[in-house]
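Read off the chains here:
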Amino acid sequence: MTQSARRTIKAGSGELTYQAQVEEFTVDDSNGQPAARIVCTTYLRTEDAIERDERPVLFAFNGGPGSSSVWLHLGIGPRRVADADSLTPRSTPPYTLVDNNETVLDAADLVFIDPPGTGYSRVLSPDQETDFYCTDGDARAMIRLISAWCRKHRRENSPRFLLGESYGTTRAAAMARMLPGGPFSTGSLGTTALSGVILLAAAFRNPVGDEAHAATLPTYAATAWYHDRLPERPGSLETHMAWARRFAQQDYLPALFAGTGLPQQRRSEIAQTLHQLTGIPTETLIRHQLRLEPPQFARLLLADDDRQIGGYDTRFTLPITGAGQDPVADDPAMGQYVGMFSGALVPYLRDELGAGYDTDYRPIEWARVNLRWDHGSGPGVPPASDTLVPDIAAALRRDPQFRVLFCQGYYDLVTTFGALEHAVTRMPLDEKRVQVQYYESGHMPYLGQLSREQMATDIRRFLARDADACDLEQPPGRPKENLS
């Protein structure tokens, strides 16, 4: 199925005309047999003056595994949900779409991909699902899809970039490693080279034990600053987070390592500083052995007001009273904005783009995909080691032209910026080709006018090859995000 519509939108520095197409591709399994139908939505700028070979193509997908691309589609595409900038979004229909003037369609043609088992994409036979519901099999399917898309649109010679969010960053890294081909990746010589990848809310295997608590502390500090729960709140978020970073490395981690051998006086001093950084009472911190897991922090920070903060975006809150245990439906962030994204996309695909699928659109598929995913240690078992950074390091080594952009929100408790910094500072990455940008946002920086504008500018500069690498220890200052 291929449907299309023609639109005009204001984006970047001017007005552009584009064509939107809902497209369907069939990809083979490891035996070369047709195995999956992959549906994607393509946005092509249509001005006659455009040189197709010179115009980049950005292939975008979300994570899960088991998530469709609905979030990025209505986040950086040419249409967005009207109420998506609110911290109390409209949670029930009807939902309204408006032009997204911060779309990066002015800088690259956009292709939003729903992996097999998500959106309208399906594996053709249950017997073939194991070929797709695993890290490398999923990456191979996406490589085949991109190759098919480039053949159809005659874009084999265009610059190609990947944008992955959350688990999509693991997918993008695996694709970057496998795209050159070889006997142990795709089994043949690759023909689809990449110019670079954009990794949004990078899904590393988080540090464990004491290092995990040290890496998460700066996010706790940023969140407490945002909600004004500090005994003495500094005027600058960056100043507060710099203090949290230094304390985590120089004092907090050694104190945790000391365990029960930490002197009582020193324990009290550490708890007092943690209180100044996070707003959590010292007696609570001491009772929890100076350690708080993210779900505990989410319930404790605003407990006096009967409010729980979101894990995916700590700016969002809901009452603690009546909270369930579902990690998505009961998360104050995901629980509020999931409905408007998934509810708005289906009418848009059907009524504006003419996609006539008589089947359910699956925004996130947990039971059929996520819980059956083989990360390399067996279905449903989390990965034993981080593959994202080694895969990116391999891609950087192989191609001196290859570049990487990390985009990370300060208020994300699921994929924290501390985990990002912990990971990339422990691998031999070429800092001249690796850029890191931070936003006053959560897991999805396209929620919020200011962070959406900033991320769009950063992506445009990255695609245009005129961005400099950023110092991980000194993230760029960002003005405070103002959401309604």
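All residue numbers refer to position in the chain's written sequence, counted from 1. A pLDDT threshold of at least 70 governs which residues receive local features in this predicted model, and a stricter bar of 80 or more applies before side-chain atom pairs are shown or counted, although totals over entire chains, interfaces and linings include all residues. Each side-chain value is worked out from all heavy atoms of the structure, with water and hydrogens disregarded.

Novice: Would you take a moment to explain the pattern of salt bridges for this structure?
Specialist: A side chain of one charge can pair with a side chain of the opposite charge when the charged atoms of the two come close. In the sections that follow, a salt bridge refers to a side-chain nitrogen of Lys or Arg positioned within 4 Å of a carboxyl oxygen of Asp or Glu. Under the definition given, this model contains 23 salt bridges. Taking the shortest distance from any N to any O, the salt bridge between Asp 109 and Arg 155 comes out at 2.8 Å. Highlighted residues: Asp 109 in strand β7 (residues 109-114) and Arg 155 in the loop between α2 (135-153) and β9 (160-165), separated in sequence by 46 residues. This pair shows no difference in class: Asp 109 is buried, exactly as Arg 155 is. Residues Arg 372 and Glu 129 are paired through a salt bridge, measuring 2.6 Å at the closest nitrogen-oxygen approach. Each helix is a run of DSSP H or I of at least 4 residues and each strand a run of E of at least 2, with the numbering of both proceeding from the N terminus. Here the term buried applies to any residue with accessible area under 20% of the maximum for its type, exposed to any over 50%, and partly exposed to those in between, with areas from a 1.4 Å probe on protein chains only.

Novice: What should I look at first to understand the packing of α2 against helix α3 (residues 167-178) in this one?
Specialist: Axis definition: a line fit to C-alpha positions, over the contact stretch in the case of helices; interaxial angles, taken between N-to-C directions, run 0 to 180 degrees. As a packed pair, α2 and α3 sit with axes 9 Å apart at the nearest point and diverge in direction by 70°. On the basis of the axis angle, α2 is roughly perpendicular to α3. Here Thr 135, Asp 136, Asp 138, Ala 139, Arg 140, Met 142, Ile 143 and Ile 146 of α2 come into contact with α3, specifically with Tyr 167, Arg 171, Ala 174, Met 175, Arg 177 and Met 178. Amino acid classes used here: Ala, Val, Leu, Ile, Met, Phe, Trp, Tyr, Cys and Pro are nonpolar; Asp, Glu, Lys and Arg are charged; the rest, including Gly, are polar. In the contact of α2 with α3, the residues fall into eight nonpolar, one polar and five charged. Relative orientations are named as follows: roughly parallel for angles under 35 degrees, roughly antiparallel for angles over 145 degrees, roughly perpendicular for angles from 65 to 115 degrees, and oblique for any other angle. Every residue pair with non-hydrogen atoms within 4.5 Å of one another is taken to be in contact.

Novice: What exactly am I supposed to notice about the state of the cysteines here?
Specialist: Linking two cysteines covalently through their sulfur atoms gives a disulfide. A pair of cysteine sulfur atoms is labelled a disulfide when the two atoms are within 2.5 Å. Under the defined criterion, the tally for this structure stands at zero disulfides. Cysteine Cys 150 shares no disulfide, and the gap to the nearest cysteine sulfur, in Cys 40, comes to 11 Å. Overall, Cys 150 belongs to the buried group, its relative accessible area being 3%.

Novice: Hey, could you run me through the nonpolar core in this one?
Specialist: Generally speaking, nonpolar side chains in soluble globular proteins are found buried as a group. Here, the term nonpolar core denotes a set of buried Ala, Val, Leu, Ile, Met, Phe, Trp, Tyr and Cys residues that are joined through side-chain atoms within 4.5 Å. Ranked by size, the top nonpolar core spans 149 residues in total, and within it Ile 113, Phe 341 and Phe 406 carry the most contacts. Ranked by residue count, the leading element in this core is α2, at nine residues. Among residues more than four places away in sequence, those in contact with Phe 406 are Leu 199, Ala 202, Phe 204, Leu 388, Leu 420, Val 424, Val 434, Gln 435, Val 436 and Gln 437.

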